[in-house]
Amino acid sequence: MGWESGAVSEAAERPDPGPAGSAPEETPGATASRHRGASTSGARRPRSGAALLLSLGAGVLAVDVVSKLAVVALLSGRPPVRLLGGALYLTEARNAGAAFSFAPEATVVFTVIAMAVIALVIRSATRVGSTGWAVSLGLILGGAAGNLTDRLLRSPGPLRGAVIDFLSVFDPHGRAWPIFNLADSAIVCGGVLAVLLAFRGVDLSGASGAVRAGRRK
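What you see is a predicted model, and the numbers here were worked out from it, not measured in a lab.

Procedures and definitions
Residues numbered from 1 in each chain as written. Predicted model: local features only at pLDDT ≥ 70, side-chain atom pairs only at ≥ 80, totals over all residues. Heavy atoms only, no water. Core = buried A, V, L, I, M, F, W, Y, C linked by side-chain atoms within 4.5 Å. Buried < 20%, exposed > 50% of the residue type's maximum accessible area, 1.4 Å probe, protein only. Helix = DSSP H or I, 4+ residues; strand = E, 2+ residues; numbered from the N terminus. Contact = heavy atoms within 4.5 Å. Axes fitted to C-alpha atoms, helices over the stretch in contact; angles between N-to-C directions. Parallel < 35°, antiparallel > 145°, perpendicular 65-115°, else oblique. Left-handed = near helix turned anticlockwise from the far one by under 90°. Pairing = 2+ DSSP bridges. Expected span 1.5 Å × (residues − 1). Arc of directions from axis to C-beta. Patch = residues over 30% accessible without salt bridge, like charges linked within 9 Å, V, L, I, M, F, W, Y side chains within 5 Å. Areas by Shrake-Rupley, 256 points an atom, 1.4 Å probe, with all protein chains shown as cover. Salt bridge = Lys/Arg side-chain N within 4 Å of Asp/Glu carboxyl O.

1. With respect to the nonpolar core
- Residues Leu 53, Ile 118, Val 128, Trp 133 and Leu 137 are the most contacted members of the largest nonpolar core, which totals 18 residues.
- Listing elements by their share of this core, those giving two or more residues are helix 2 (28–75), helix 3 (107–124), helix 4 (131–153) and helix 5 (182–199).
- With seven residues, the single largest contributor to this core is helix 4.
- Excluding residues within four positions of it along the chain, Leu 53 makes contact with Val 121, Ala 125, Val 128, Ala 134, Leu 137, Gly 138 and Leu 141.
- Val 71, Leu 75, Leu 167 and Phe 180 belong to the second-largest nonpolar core, a separate cluster that totals eight residues.

2. Topic: the packing of helix 4 against helix 5
- Interaxial distance between helix 4 and helix 5 falls to 8 Å at its minimum, and their mutual angle equals 150 degrees. Accordingly, the angle class assigned to the pair helix 4 and helix 5 is roughly antiparallel. Once helix 4 is placed against helix 5, the crossing between them reads as left-handed. Across from Gly 132, Trp 133, Val 135, Ser 136, Leu 139, Ile 140, Gly 143, Ala 144 and Asn 147 in helix 4, the residues of helix 5 making contact are Ala 183, Asp 184, Ala 186, Ile 187, Cys 189, Gly 190, Gly 191, Leu 193, Ala 194, Leu 197 and Ala 198.

3. Notes on unusual backbone geometry
- Residue Pro 156 is bonded to the preceding Ser 155 through a cis peptide linkage, with omega at 10 degrees.
- When you line up the elements, Pro 156 lands in the loop between helix 4 and strand 3 (163–169).
- With phi around 55 degrees, Leu 84 is a residue other than glycine that occupies positive phi space.
- A relative accessible area of 69% places Leu 84 in the exposed class.

4. Looking at the pairing of strand 3
- For strand 3, a buried count of seven out of seven residues is recorded, marking the element as mostly surrounded by other parts of the structure.
- Judged from the six bridges that link them, strand 2 (residues 88–95) and strand 3 form a sheet pairing that is antiparallel. Looking at the pairing, Leu 88 lines up with Val 169 of strand 3.

5. With respect to helix 3
- Between its terminal C-alpha atoms helix 3 stretches 26 Å, which fits the 26 Å expected from 18 residues at 1.5 Å a residue.
- Within helix 3, the full set of buried residues consists of Thr 107, Phe 110, Thr 111, Ala 114, Ile 118, Val 121 and Ser 124. Taken end-on, helix 3 shows its buried residues confined to a sector of 160 degrees, consistent with a single buried face. Facing away from the buried side of helix 3, by more than 90 degrees, are the exposed residues Leu 120 and Arg 123.

6. Remarks on the sheet that holds strand 2
- Overall, antiparallel pairing links the three strands, which are arranged 1-2-3 in an open sheet. Two strands bound the open sheet, and with one partner strand each, they are strand 1 (81–83) and strand 3. Averaged over all pairs of adjacent strands, the angle between their axes in this sheet comes to 35 degrees, without regard to strand direction.
- Across three bridges, the pairing between strand 1 and strand 2 is antiparallel. The partner of Val 81 across the bridge, within strand 2, is Leu 90.

7. With respect to a nonpolar patch on the surface
- There is a patch of nonpolar side chains on the surface, built from Val 108, Val 112, Met 115, Leu 152, Leu 153 and Leu 159 and spanning about 500 Å² of accessible area.
- Elements with a contribution of two residues or more to the nonpolar patch: helix 3 and helix 4.
- Examining the composition of the nonpolar patch, we find that three residues originate from one element, helix 3, more than from any other.

What follows is the structure in structure tokens.
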């Protein structure tokens, strides 16, 4: 009888596995830990997105400023430099208008618009969890800040300064395509990427349209 008593005692000490196929009951501590982990992950994504956005924007601004300083120092008053068999020329030009020499008489208007764009992008940075949107807005931020720097610091004066352009394709004087700079290129690339992300239904947080619909359900 001793072995029977031992078997009964061991069976009594085992936890009830519950109905067949059912998952073990989750303890309150495990549930809280899981929710804390999800919350931490959700908070980490916007912070990393904002860091990427601002870092890329600062990098684009730095490269744009350095390139324009080099152009003023090396190309002012000199003939265009022919590159890539004539596909690209380096030539200094002053642009009072928007990107690609558009509307040169509206310098102050474009300066104010650039300020508004920069403020809007920086304000949205804390909500960016998508790498694609971080890259897109970072390019736009850096490009807008690069051209705004010229508007504020170059002649003929604050808010009316002319932007330094120096890239011309297929013609040294911008007759095939308006002369542009690296900031213009960053703005255009960022804008194209933003359109693609919007077309795919990806929002700032990184969620697709299908995911958002599932959350609403």
